[in-house]
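# Structure at a glance
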Amino acid sequence: MIRAVSKTLAAAVLLGSVAAPVLAADQATLDKGQELAFDRKKGNCLACHMILGGDSAGTIGPPLLAIQSRFDSKEKLREQIYDSTVANPDSAMPPFGRHKVLSDSEIDAVVEYIWTL
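Residues numbered from 1 in each chain as written. Predicted model: local features only at pLDDT ≥ 70, side-chain atom pairs only at ≥ 80, totals over all residues. Heavy atoms only, no water.

## So, the side chain of Ser84
If you trace the backbone, Ser84 turns up in the loop between helix 4 (74-82) and helix 5 (104-115). Each residue touching Ser84, except ones within four places of it in the same chain, is listed here: Glu79, Ser91 and Met93. (Helix = DSSP H or I, 4+ residues; strand = E, 2+ residues; numbered from the N terminus. Contact = heavy atoms within 4.5 Å.)

## Structural notes on unusual backbone geometry
Positioned with a positive phi, Ser56 is a non-glycine residue whose angle comes to about 55 degrees. Positionally, Ser56 belongs in the loop between helix 2 (27-38) and helix 3 (67-70). Located in the positive-phi region is Ala66, a residue other than glycine, with phi close to 50 degrees. Here Ala66 falls in the partly exposed class, since its relative accessible area comes to 44%. (Buried < 20%, exposed > 50% of the residue type's maximum accessible area, 1.4 Å probe, protein only.)

## Considerations on the pattern of salt bridges
Overall, the coordinates contain six salt bridges when judged by the stated rule. Lys74 serves as the salt-bridge partner of Glu112, at 2.7 Å between the closest nitrogen and oxygen. With a gap of 38 residues between them, Glu112 in helix 5 and Lys74 in helix 4 connect regions that are remote in the sequence. Each member of the pair, Glu112 as well as Lys74, is classed as buried. The salt bridge involving Asp108 is made with Arg78; its shortest N-O contact spans 2.6 Å. One end of the pair, Asp108, is in helix 5; the other, Arg78, is in helix 4, with 30 residues separating them in the sequence. Taking relative accessible area as the criterion, Asp108 reaches 35% and is therefore assigned partly exposed. Residue Arg78 is classed as partly exposed on the basis of its relative accessible area, which comes to 23%. (Salt bridge = Lys/Arg side-chain N within 4 Å of Asp/Glu carboxyl O.)

See below:
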């Protein structure tokens, strides 16, 4: 019985029918991501987006809610934050990565936080 289950699971993994688990970020990373997203001198997401718990939110960009239903993966979300002009050349969103506004590790922390919204 165990051998049959193992073979079935192995086949499913090989065929891509079993999604790999998405590991949750640690709390320190999430806290850093929120700090950057709310920081008016760094990420400054609140300048354009409404985020629950944020003060003086902007209305230029869409509210940052239900993110996992709007992005297929964290990688797609990261691409948007890194350089939104790749997907939309007319985007008003600053290319945080391409312009080095945020470091790669800072972008990763923001992605982890925003992914939880």
